[in-house]
Amino acid sequence: MRSPTSKREGVLLIGLGGLGAAAAATLAAGGISRLGLADPDEVDLSNLQRQTLYRTEDVGKSKVDAARYRLLKRHPRLKTALIPRSLRTPEEIAGAALP
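Attention here is on the structure that accompanies the text. All values reported here derive from a predicted model rather than from experimental measurement.

## Description of the side chain of Asp 39
Thought 1: Position of Asp 39 among the secondary structure elements: in the loop between β2 (34-38) and α2 (63-74).
Thought 2: No salt bridge forms around the buried Asp 39; measuring N to O, its nearest opposite-charge neighbour Lys 63 is 4.5 Å away.
Thought 3: In terms of polar contacts, Asp 39 uses its side chain to reach the backbone amide nitrogen of Asp 41, at 2.8 Å.
Thought 4: Those residues within four positions of Asp 39 in sequence are excluded, and the remaining contacts are Gly 15, Leu 16, Gly 17, Lys 63, Val 64, Ile 83, Pro 84 and Arg 85.

So this is what it looks like as structure tokens:
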């Protein structure tokens, strides 16, 4: 089985809540080179206890922007595609571009 750290491979994360934010941080730390980040929401103060990627200063910012900022601080070579909307259908998911 090939490692997902190839420069040609990437992951699209749909939802950057508790599980998605943790997955993004773990994938970036594991060496994935491309991440698509999809979420229509903004960071809310009530998110911070379970969405550890975000900080107090992220409250009110879009989750995709805040996640990208936090991930790139730790992993500057990471390429990201931001999708600040919901992806609900197979066609929308298939059409989501990775960087």
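Further notes follow.
## A closer look at the pairing of strand β1 (residues 11-14)
Thought 1: Here 4 bridges tie β1 to β2, and the two strands are oriented parallel to one another. Of the residues in β2, the one forming a bridge with Val 11 is Leu 35.

## So, the sheet that holds β1
Thought 1: An order of β1-β2-β3 is seen for the 3 strands of this open sheet, with the pairing classed as parallel. Edge positions in the sheet fall to β1 and β3 (79-83), since each of these pairs with one other strand and no more. Each strand of the sheet is rotated relative to its neighbour by a mean of 15°, with strand direction disregarded.
Thought 2: Of the strand pairs in this sheet, β2 and β3 are connected by 5 bridges, and their pairing is parallel. When the bridges of β3 are listed, Arg 34 appears paired with Lys 79.
Thought 3: Contacts from helix α1 (residues 18-29) reach β1 and β2 within the one sheet, and its direction differs from that of β1 by about 160°.

## Thoughts on the pattern of salt bridges
Thought 1: For the structure shown, the criterion picks out 3 salt bridges.
Thought 2: For Glu 57, the salt bridge identified is with Arg 70, shortest N-O distance 3.0 Å. In this pair, Glu 57 sits in the loop between β2 and α2 while Arg 70 sits in helix α2, placing the two residues 13 residues apart along the sequence.
Thought 3: Connected through salt bridges with shared partners, the residues Glu 57, Asp 58, Lys 61 and Arg 70 form a single ionic network.

## Some words on the nonpolar core
Thought 1: Among the nonpolar cores identified, the biggest contains 17 residues, and Leu 16, Ala 24, Leu 35, Leu 37, Tyr 54 and Leu 71 are the most heavily contacted of them.
Thought 2: Breaking this core down by element, the ones donating at least two residues are α1, β2 and α2.
Thought 3: When residues of this core are assigned to their parent elements, the largest contribution, 4 residues, is made by α2.
Thought 4: Discounting chain neighbours no more than four positions away, the residues touching Leu 71 are Ala 24, Ala 25, Ala 28, Leu 35, Leu 37, Leu 53 and Leu 78.

## Overview of α1
Thought 1: End to end, α1 covers 17 Å across 12 residues, agreeing with the expected 16 Å (1.5 Å per residue, within 8%).
Thought 2: Within α1 the residues assigned to the buried category are Gly 20, Ala 21, Ala 24 and Ala 28. The arc that holds every buried residue of α1, seen down its axis, measures 100°, which confines them to one face. Those residues of α1 that are exposed and angled more than 90 degrees off the buried face are Leu 19, Thr 26 and Ala 29.
Thought 3: Its buried side turned inward, α1 meets β1, β2 and α2.
Thought 4: Directly after α1, the chain includes Gly 31, whose backbone phi takes a positive value near 105°.

About the cut-offs
Residues numbered from 1 in each chain as written. Predicted model: local features only at pLDDT ≥ 70, side-chain atom pairs only at ≥ 80, totals over all residues. Heavy atoms only, no water. Helix = DSSP H or I, 4+ residues; strand = E, 2+ residues; numbered from the N terminus. Buried < 20%, exposed > 50% of the residue type's maximum accessible area, 1.4 Å probe, protein only. Lys, Arg positive; Asp, Glu negative; His and termini not counted. Salt bridge = Lys/Arg side-chain N within 4 Å of Asp/Glu carboxyl O. Polar contact = N/O pair within 3.5 Å; in protein donor to acceptor, adjacent residues only side chain to side chain. Contact = heavy atoms within 4.5 Å. Pairing = 2+ DSSP bridges. Axes fitted to C-alpha atoms, helices over the stretch in contact; angles between N-to-C directions. Core = buried A, V, L, I, M, F, W, Y, C linked by side-chain atoms within 4.5 Å. Expected span 1.5 Å × (residues − 1). Arc of directions from axis to C-beta.

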